[in-house]
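Descriptive analysis of the structure
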Amino acid sequence: MIVTITMNPSIDISYPLETFTLDTVNRVKNVHKTAGGKGLNVTRVLKQLEADVTASGLIGGVLGEAIKQDLDQTEIKHAFSSIKGETRNCIAVLHEGQQTEILESGPVVEPTEAAAFLQHFKKLAATAEILSFSGSLPEGLPTDFYSQMIQLCQSKPVVLDCSGAALQQVLQGKAKPLLIKPNNEELSDLLGKPIGKDPVELKEALSDPLFAGIEWIVVSLGAGGAFAKHNETFYQVTIPKIEVVNPVGSGDATVAGLIDAIAKGLSPEEILKHGNAMGMLNAQEATTGFVQLANYQNLVEQINVTSV
């Protein structure tokens, strides 16, 4: 079983607009509302890939109940821990080829709620074959909370997609995740200097001692594909040009594809192809966390993975 963790989930609301005008009324006809947060986007794509997946994390209030109902409707298993605070809304305004996001910070988690979750998580992790942690930590949790969770996993593989102080804490800790997936900007923040897309520069960056003990590092390069390090081998991933309908959740779909391929024991090249194909399939759809698998084979054949 795969366990996905979303510590700060949300109801994701997508507002597609032909034009977005400030300081006036903007009317939206086609509103999309889904149980969201990065980890739940990962979960939905894994479900479409027919993986045995269970979603967990923290939820509270009316919106928390709405998330459970949404998952029930799509027959996704879940095992959340409840808190007093209200789960948040996150809004994406899609306009003129751009994406403007309005993200609520979410509830403040009390120390007793954090402790209760760790007890709940320890039992859940014992049943998992692979785990995925995605997104930001809510207020009230210490920045080393993901590190604490990884220590409770008893060396089981963890795919981690987060940034900032929480990721720094994990990289500096003793217990390591199997895979991390920073983008260019997040990689630059980690190393304290700008990192471009040149393979030589990326190889040097991913060889930094900060990443010691991490088996997989996959750097998202947007339309430029990806650059990855698996153990001591580096890979350049080149992707075809596609028509992007909705980019929201594409990084999460990539994570789902990587997890699915790792769980199936595929080769490094196949893992990278599968992950990037899922991200691109999601970007071609209006609905966040949705992939049209009928287009998979045609797309994956156009992805090139080369060792560099």
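Residues numbered from 1 in each chain as written. Predicted model: local features only at pLDDT ≥ 70, side-chain atom pairs only at ≥ 80, totals over all residues. Heavy atoms only, no water.

1. Points about the sheet that holds strand β8 (residues 98–103)
Strand order in the open sheet made by the four strands is β3-β2-β7-β8, with mixed pairing throughout. Looking at strand neighbours, the two that pair on one side only are β3 (32–36) and β8, the edges of this open sheet. Ignoring strand direction, the axes of neighbouring strands in this sheet form an average angle of 20°. Lying on the sheet, helix α1 (residues 38–48) is in contact with β2 (10–17) and β3; it crosses β3 at an angle near 95°. This element, helix α2 (residues 61–73), spans β2, β3 and β7 (88–95) of the sheet and lies at about 80° to β2. (Pairing = 2+ DSSP bridges. Helix = DSSP H or I, 4+ residues; strand = E, 2+ residues; numbered from the N terminus. Axes fitted to C-alpha atoms, helices over the stretch in contact; angles between N-to-C directions. Contact = heavy atoms within 4.5 Å.)

2. Some thoughts on the packing of helix α6 (residues 184–191) against helix α7 (residues 199–206)
The geometry of α6 relative to α7 is characterised by a closest axis approach of 11 Å and an angle of 50° between their N-to-C directions. Between α6 and α7, the crossing angle belongs to the class labelled oblique. Handedness of the α6/α7 crossing: left-handed. When α6 is examined against α7, the residues Asn-184, Leu-187 and Leu-191 are found in contact with a partner set consisting of Leu-202, Ala-205 and Leu-206. Here the contact of α6 with α7 is composed, by residue class, of five nonpolar, one polar and no charged. (Parallel < 35°, antiparallel > 145°, perpendicular 65-115°, else oblique. Left-handed = near helix turned anticlockwise from the far one by under 90°. Nonpolar A, V, L, I, M, F, W, Y, C, P; charged D, E, K, R; others polar.)

3. Considerations on the packing of helix α8 (residues 250–263) against helix α9 (residues 268–283)
Packing of α8 against α9 brings their axes to within 7 Å, and their N-to-C directions diverge by 150°. α8 and α9 meet at a crossing whose hand is right-handed. Side by side, α8 and α9 meet where Ser-250, Ala-253, Thr-254, Gly-257, Leu-258, Asp-260, Ala-261 and Ile-262 of the first sit next to Ile-271, Leu-272, His-274, Gly-275, Asn-276, Met-278, Gly-279, Asn-282 and Ala-283 of the second. Residues belonging to the contact of α8 with α9 are distributed by class as follows: eight nonpolar, eight polar and one charged.

4. Brief notes about the domain arrangement of the protein
If you check the domain split of the protein, you get domain 1 (1–17 + 32–166) and domain 2 (179–213 + 215–307). The straight-line distance from the C-alpha centre of domain 1 to that of domain 2 is 21 Å. Facing 21 residues of domain 1, the contacting portion of domain 2 comprises 23 residues. Each partner contributes to the roughly 2,100 Å² buried at the junction of domain 1 and domain 2, and carbon and sulfur atoms together form 65% of this total. Of all residues in domain 1, Val-45, Gln-48 and Leu-49 bury the most surface against domain 2, accounting for 26% of the area lost on that side. The interface formed by domain 1 and domain 2 includes one salt bridge. Run the count over domain 1 and domain 2 and you get six residue pairs in polar contact (both at pLDDT 80 or more). The set of elements that each furnish at least two residues to the side of domain 1 that touches domain 2 consists of α1, β7, β9 (130–134) and β10 (158–161). For the side of domain 1 that touches domain 2, the leading source of residues is α1, giving seven residues. When grouped by side-chain class, the residues that make up the side of domain 1 that touches domain 2 number twelve nonpolar, six polar and three charged. (Domains from an automatic or database assignment. Buried area = accessible area lost by both parts, 1.4 Å probe. Salt bridge = Lys/Arg side-chain N within 4 Å of Asp/Glu carboxyl O. Polar contact = N/O pair within 3.5 Å; in protein donor to acceptor, adjacent residues only side chain to side chain.)

5. Things to note about the pattern of salt bridges
If the charged atoms of two oppositely charged side chains come close together, the side chains can form a pair. Tallied over the full model, the rule gives seven salt bridges. Between Lys-77 and Asp-52 there is a salt bridge; the shortest N-O distance is 2.5 Å. Highlighted residues: Lys-77 in strand β5 (residues 77–78) and Asp-52 in the loop between α1 and β4 (53–59), separated in sequence by 25 residues. Lys-77 gets classed as partly exposed once you look at its relative accessible area, which sits at 42%. A relative accessible area of 42% means that Asp-52 is categorised as partly exposed. Asp-260 is paired through a salt bridge with Lys-264; the nearest N and O atoms lie 3.0 Å apart. (Buried < 20%, exposed > 50% of the residue type's maximum accessible area, 1.4 Å probe, protein only.)

6. Things to note about the packing of aromatic side chains
For the coordinates displayed, the defined rule picks out five aromatic pairs. Seen in terms of ring centroids, Phe-121 and Phe-133 are 5.7 Å apart; in terms of plane orientation they differ by 70°. Their pairing is edge-to-face. In this pair, Phe-121 is assigned in helix α3 (residues 111–125) and Phe-133 in strand β9, connecting sequence segments twelve residues apart. Each member of the pair, Phe-121 as well as Phe-133, is classed as buried. Taking 6.2 Å as the distance between ring centres and 35° as the angle between the ring planes, the aromatic pair formed by Phe-227 and Phe-234 counts as tilted. When sorted by exposure, Phe-227 lands in the same class as Phe-234, which is buried. In this structure an aromatic cluster arises from ring pairing among Phe-117, Phe-121, Phe-133, Phe-145 and Tyr-146. (Phe/Tyr/Trp six-rings, centres within 6.5 Å; stacked < 30°, edge-to-face > 60°.)

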